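Listed below, chain by chain, are the residues.
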Amino acid sequence: TEGALIVAGLLVGIGTRYGAGCTSGHGVCGLSRLSIRSLIATVTFMLAGIVTVFVVRHVFGVTP
């Protein structure tokens, strides 16, 4: 729904601000510069995605 898209967009904006960059910026540019900060950020993004998929599929029972 439109409300979910607005909330998702706001969360991405907040995460970008607190993470000092976007996921692709940390994942591509930061890792290529061997930045520890970008490595930690990228691992955090990936773990958050894995946990989200697990919760949505196994806790809420939503399947594609």
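Our structure is the block above this text.
A brief report on the enclosed structure follows. The model shown is predicted, which means the values in this text are computed figures rather than measured ones.

Scoring rules and cut-offs
Residues numbered from 1 in each chain as written. Predicted model: local features only at pLDDT ≥ 70, side-chain atom pairs only at ≥ 80, totals over all residues. Heavy atoms only, no water. Helix = DSSP H or I, 4+ residues; strand = E, 2+ residues; numbered from the N terminus. Buried < 20%, exposed > 50% of the residue type's maximum accessible area, 1.4 Å probe, protein only. Contact = heavy atoms within 4.5 Å. Disulfide = S-S within 2.5 Å. Expected span 1.5 Å × (residues − 1). Polar contact = N/O pair within 3.5 Å; in protein donor to acceptor, adjacent residues only side chain to side chain.

As for the side chain of Ser38
So, point 1. Residue placement: Ser38 occurs in helix α3 (residues 36–59).
So, point 2. Residue Ser38 is classed as buried on the basis of its relative accessible area, which comes to 5%.
So, point 3. Sequence-distant contacts of Ser38, that is, excluding residues within four places in its chain, are made with His26, Gly30 and Leu31.

Structural notes on the state of the cysteines
So, point 1. Counted according to the given criterion, the structure contains zero disulfides.
So, point 2. Cysteine Cys22 is unpaired, with the sulfur of Cys29 as its nearest cysteine sulfur at 8.1 Å.
So, point 3. Since its relative accessible area comes to 35%, Cys22 is described here as partly exposed.

Observations regarding the environment of Gly27
So, point 1. Position of Gly27 relative to the elements: it lies in helix α2 (residues 23–32).
So, point 2. Residue classification places Gly27 among the partly exposed positions, given a relative accessible area of 25%.
So, point 3. Distance in space between the C-alpha atoms of Gly27 and Val53 is 20 Å, their sequence separation being 26 residues.

As for α3
So, point 1. Look at α3: 33 Å from first C-alpha to last across 24 residues, which is about the 34 Å you get at 1.5 Å a residue.
So, point 2. Residues of α3 that are buried: Ser38, Ala41 and Thr42.
So, point 3. Where α3 is buried, its residues meet α2.
So, point 4. At the N-terminal boundary of α3, the capping side chain belongs to Ser35, with an oxygen 3.4 Å from the backbone nitrogen of Arg37.
So, point 5. With its phi angle positive at about 70°, Gly61 sits one or two positions after the end of α3.

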